[in-house]
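Next come the chains, spelled out residue by residue.
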Amino acid sequence: MANVSGSNGYGNPIDLLTKSTIDELIANCDTYPDKFLPWIKGRHTLVPGMYDLGSHPVIVKEVSKTLGNDVILWSSQIIRQSPSVIHRWHIDVEMARWPGLTVWVGMKNVTSNSLKLISGSHNFGISPQELAERDRIDLKNDAQVLAAAQKIDPSSKLIEVDIKDGQFIIFSGLVWHATQNVSDAVRTAMIFQYTTPEHKLFIPQNNHYPNTKYSSLQPDCILVKGKDDFKYNNLIKRSYSGSWKAILKTFLVHLPHNIYRKLFIR
Ligand SMILES: [Fe+2]
């Protein structure tokens, strides 16, 4: 796969998992509800299976083609999408603060229109959320979003990613994307996000883009390739993931913080 910073902003689907291993992998990784994690994207702190999948050599080889020799993972998630659910067009809020890549892994009941992207949108300099605010675009309406994109770049296209269960795709963190489930079964995907160690990362407290509020708490990160000369982030080892120390820190530090955030941060 070529460097995804290029013209389209995304790569081709790549084989990762065999179908026979997927159910076991999901069961291994789904051992805590999201609300008990340090934060919504912090599953690798408590689940070694998530640590391992995010560090998978095939994924790391591909992300390093864009990010270079030193790469950290900062985010891991399991996303279950019910039938008829639409996740509006957006950019993940963290990508306004630090650059990076998203890896989207199709796990179960993925169809060829589960994930949609706007080609070249990582170069637009504006997010769908900002356009919605400015031009009153409905972010669940593909035609409106595509028309807005083509006002910026007439050559941009709406891509329905032809990805199958067990494959992954990489896209730039600034690519406009949306998901939907048009099937009648729950769809499962996993998301891993990566950056380089010179960025100091913090956990967001709300979902506003680009004016996101940030916590003073930092996400646990995994150095999946190379070295970290900057020491700005909390790097965790495989042995820490799921350990009593990790569980204790989550309960004593992150969960009280999350309760405070839910009550008082808008
Ligand atoms: Fe996203």
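Source: prediction; values computed, not measured. (Residues numbered from 1 in each chain as written. Predicted model: local features only at pLDDT ≥ 70, side-chain atom pairs only at ≥ 80, totals over all residues. Heavy atoms only, no water.)

A look at the overall build of the chain
Counting secondary structure elements, the chain contains seven helices and eleven strands. For the chain, whose C-alpha radius of gyration is 18 Å, the value lies close to the compact-globule estimate of 18 Å for 266 residues. Projected onto its principal axes, the C-alpha positions of the chain cover 50 × 45 × 40 Å. A sequence separation of at least 24 residues applies to 81% of the contacts in the chain between residues at least 6 apart. (Helix = DSSP H or I, 4+ residues; strand = E, 2+ residues; numbered from the N terminus. Rg over C-alpha atoms; globule rule 2.2 N^0.38 Å. Contact = heavy atoms within 4.5 Å.)

With respect to the sheet that holds strand S6 (residues 158-160)
Read across the sheet, four strands follow the order S3-S8-S5-S6 without closing on themselves; strand pairing throughout is antiparallel. The sheet terminates laterally at strand S3 (86-90) and S6, the two strands that pair on one side only. Strand-to-strand twist in this sheet, taken as the mean axis angle between neighbours without regard to direction, amounts to 15°. (Pairing = 2+ DSSP bridges. Axes fitted to C-alpha atoms, helices over the stretch in contact; angles between N-to-C directions.)

Overview of the coordination of the iron ion
Within the protein, the atoms that donate to the iron ion are His90 (NE2), Asp92 (OD) and His177 (NE2), at distances of 2.1 to 2.2 Å. Residue classification places histidine 90 among the buried residues on the basis of a relative accessible area of 9%. (Donors = N, O, S within 2.8 Å, 3.2 Å for Na, K, Ca; no water. Buried < 20%, exposed > 50% of the residue type's maximum accessible area, 1.4 Å probe, protein only.)

Details of the side chain of serine 64
Tracing the chain through its elements places serine 64 in helix H4 (residues 57-67). Of the residues examined, serine 64 reaches a relative accessible area of 15% and is grouped as buried.

Concerning the packing of aromatic side chains
Evaluation of the coordinates by the stated rule reveals seven aromatic pairs. Measuring from centroid to centroid gives 5.7 Å for phenylalanine 230 and tyrosine 232, while their planes differ by 40°, and the two rings are tilted. A relative accessible area of 36% places tyrosine 232 in the partly exposed class. Put simply, the rings of Trp39, Trp74, Trp98 and Tyr214 pair up and form one aromatic cluster. Across from the ring centre of phenylalanine 36, 5.9 Å away, lies the NZ or CZ of lysine 35, which sits over that ring. (Phe/Tyr/Trp six-rings, centres within 6.5 Å; stacked < 30°, edge-to-face > 60°. Lys NZ or Arg CZ within 6 Å of the ring centre and 35° of its normal.)

Thoughts on the pairing of strand S7 (residues 167-172)
Within S7, six of the six residues are buried, which leaves it mostly tucked inside the rest of the structure. Along S7, one buried face is formed by Gln167, Ile169 and Phe171 and the opposite face, lined by Phe168, Ile170 and Ser172, is buried too. Taken together, the two bridges between strand S1 (residues 14-15) and S7 define a ladder with antiparallel strand orientation. If you follow isoleucine 14 over to S7, its bridge partner there is phenylalanine 168.

Considering the nonpolar core
In this structure, Val103, Val105, Met190, Phe192 and Tyr194 are the most contacted members of the largest nonpolar core, which totals 37 residues. Val93, Trp98, Ala149 and Cys221 belong to the second-largest nonpolar core, a separate cluster that totals 26 residues. (Core = buried A, V, L, I, M, F, W, Y, C linked by side-chain atoms within 4.5 Å.)

Remarks on unusual backbone geometry
Geometrically, the link from tyrosine 209 to proline 210 is a cis peptide bond, its omega value of 0° lying close to zero. Positionally, proline 210 belongs in the loop between strand S9 (187-195) and strand S10 (220-225). Even without glycine at this site, asparagine 109 takes up a positive phi of about 60°. Within the secondary structure layout, asparagine 109 lies in the loop between strand S4 (101-108) and strand S5 (115-118). Look at arginine 136: it is not a glycine, yet its phi comes out positive at around 55°.

Structural notes on the layout of surface pockets
Of the pockets and cavities examined, the largest pocket occupies roughly 860 Å³. The wall of the largest pocket is formed by 37 residues, among which Ile40, Lys41, Gln77, Glu94 and Asn207 lie closest to the centre. A per-element tally of the lining of the largest pocket places helix H7 (residues 244-264) first, with six residues. Among the residues making up the lining of the largest pocket, the classes are represented as 15 nonpolar, 13 polar and nine charged. Arg88, Gln129, Glu130, Ala132, Glu133, His208, Tyr209, Pro210 and Asn211 together form the lining of the second largest pocket. (1 Å grid on protein atoms, 1.4 Å probe; cavity = no way out; pocket = protein on both sides within 12 Å on 5 of 7 lines; lining within 4 Å. Points joined across faces, edges and corners; volume = space filled by probe spheres on them. Nonpolar A, V, L, I, M, F, W, Y, C, P; charged D, E, K, R; others polar.)

Topic: the side chain of serine 76
For serine 76, the position within the fold is in strand S2 (residues 71-81). A polar side-chain atom of serine 76 sits 3.4 Å from the main-chain amide nitrogen of arginine 43. Polar contacts involving the side chain of serine 76 include one to the side chain of histidine 44, which spans 2.9 Å. Each residue touching serine 76, except ones within four places of it in the same chain, is listed here: Ile40, Lys41, Gly42, Arg43, His44, Met50, Ile191 and Phe192. (Polar contact = N/O pair within 3.5 Å; in protein donor to acceptor, adjacent residues only side chain to side chain.)

Overview of a nonpolar patch on the surface
Taken together, the side chains of Phe36, Leu248, Phe251, Leu252 and Val253 define a hydrophobic patch exposed on the protein surface, amounting to about 460 Å² of accessible area. Inspection of the secondary structure puts leucine 248 in helix H7. Accessibility expressed as a relative area gives 52% for leucine 248, which makes it exposed. (Patch = residues over 30% accessible without salt bridge, like charges linked within 9 Å, V, L, I, M, F, W, Y side chains within 5 Å. Areas by Shrake-Rupley, 256 points an atom, 1.4 Å probe, with all protein chains shown as cover. Salt bridge = Lys/Arg side-chain N within 4 Å of Asp/Glu carboxyl O.)

On their own, these measurements won't tell you what the molecule is for.
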